[in-house]
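# Architecture and fold: a report
The residues making up each chain are set out below.
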Amino acid sequence: MKQIWPEPADLDDHQLERLYTYRDSDRWLVVNFVSSADGAVEIGGKARQLSCESDQKILQLGSDLADVLLVGATTAMVEGFRGVHPDDTTLERRRRHGLPDVAPTAVVTTGQSLPADAPVITEAATPTIVITCESAPEEMQMAWKEAGAELLIAGVDSVDLAAATESLTDRGLRRIDCEGGPHLFGGLLEAGVVDELRLTVSPMLVSGTHSRIATGNPLEPLNLELASVISEEGAMMTRYLVRD
């Protein structure tokens, strides 16, 4: 891939890995998104239609180097998440960084959008963490546990994302890789816990009435610092640090 900023350079796989390594911090939460050039976040209901090989490589790096993957329940269902199933490349990379072979997936739900037989629970290689609130139906909480998931209760009537990320960090899961969707991103911004945005701009125009990458309550604008820009196949892979 070709780095455009801060310095023009051709990046090999090792340089790309160094660029996308998580910051050494008590907690570092990264949000990944891909959008079309006109701002659409899905085609036919799925983000994957906007993605390309280089974007998938970046997404894989985020997953490979993370302690935990964070995803909204609706996104997990629509995109068919099955948890992490590492290949040889992932295993080599994680072992080289001193990480467990498999990063767990944490799914955020209030209880209505995540059935107990969801593939992200039943097909995961390591127990999925279901992040929910006290008001989630008791029968659903029991069904998730019986299906093999671990429960993390944060909040009463809705999920308290600040408390949830703190609980993940307390478990030693401090490198958090969020893979959507827009409502979860909006909630994380409102909670003030986002450290980095990794945004791929796909060379497509799709028009329509698609949602934006973050959806939720209006916020005072957050200032971002551009950290890097790389390009391949006409796509632009950008990294921004949240400075507020």
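Before reading on, note that the structure itself is shown above.
For the structure given in this document, a descriptive report is provided here. (Residues numbered from 1 in each chain as written. Predicted model: local features only at pLDDT ≥ 70, side-chain atom pairs only at ≥ 80, totals over all residues. Heavy atoms only, no water.)

## Looking at the overall build of the protein
Summing up its helical and strand segments, the protein has 8 helices and 11 strands in all. A compact globule built from 244 residues would reach a C-alpha radius of gyration of about 18 Å, and the protein, at 17 Å, matches this within 12%. Each principal axis of the C-alpha atoms in the protein carries an extent, and together these give about 55 × 45 × 35 Å. Across the 244 residues in the protein, those meeting the buried criterion constitute 46%. Across the protein, contacts joining residues at least 24 apart in sequence account for 69% of those joining residues at least 6 apart. Split by element, the accessible area of the protein, about 11900 Å² in all, is 49% carbon and sulfur. Taking the average location of the 20 positive side-chain charges in the protein and that of its 39 negative ones, the two points are 5 Å from each other. (Helix = DSSP H or I, 4+ residues; strand = E, 2+ residues; numbered from the N terminus. Rg over C-alpha atoms; globule rule 2.2 N^0.38 Å. Buried < 20%, exposed > 50% of the residue type's maximum accessible area, 1.4 Å probe, protein only. Contact = heavy atoms within 4.5 Å. Areas by Shrake-Rupley, 256 points an atom, 1.4 Å probe, with all protein chains shown as cover. Lys, Arg positive; Asp, Glu negative; His and termini not counted. Charge placed at Lys NZ, Arg CZ, Asp CG, Glu CD.)

## Quick notes on the packing of aromatic side chains
On inspection of all chains with the given rule, the structure shows 1 aromatic pair. Directly above the aromatic system of Tyr22 lies the positively charged group of Arg198, at a separation of 5.2 Å from the ring centroid. Of note, Arg239 hangs over the ring of Tyr20, and the distance from its end group to the ring centre comes to 5.6 Å. (Phe/Tyr/Trp six-rings, centres within 6.5 Å; stacked < 30°, edge-to-face > 60°. Lys NZ or Arg CZ within 6 Å of the ring centre and 35° of its normal.)

## Brief notes about the side chain of Asp67
Mapped onto the elements, Asp67 comes out in the loop between α2 (53-64) and β4 (68-72). One polar contact links the side chain of Asp67 to the main-chain amide nitrogen of Arg174, over a distance of 3.2 Å. Among residues more than four places away in sequence, those in contact with Asp67 are Leu99, Ala103, Pro104, Gly172, Leu173, Arg174 and Arg175. (Polar contact = N/O pair within 3.5 Å; in protein donor to acceptor, adjacent residues only side chain to side chain.)

## A look at helix α4 (residues 88-96)
The α-helix advances 3.6 residues per turn, and as a result positions three or four apart in sequence lie on the same side. Listing the buried residues of α4 in full gives Thr90, Leu91, Arg93 and Arg94. Angularly, the buried residues of α4 cover 165 degrees about the axis, an arc narrow enough to put them on a single face. Exposed positions of α4 whose direction lies more than 90 degrees from the buried face are Asp88 and Arg95. Considering only its buried residues, α4 is in contact with α1 (13-19) and α2. (Arc of directions from axis to C-beta.)

## What to know about the environment of Ala106
Turning to its location among the elements, Ala106 is positioned in strand β5 (residues 105-108). Overall, the relative accessible area of 0% leaves Ala106 in the buried class. When the C-alpha positions of Ala106 and Ala149 are compared, they lie 9.6 Å apart, and in sequence the two are 43 residues distant. With residues up to four places along the chain from it excluded, the contact list for Ala106 reads Val68, Leu69, Leu70, Val71, Ile129 and Ile131.

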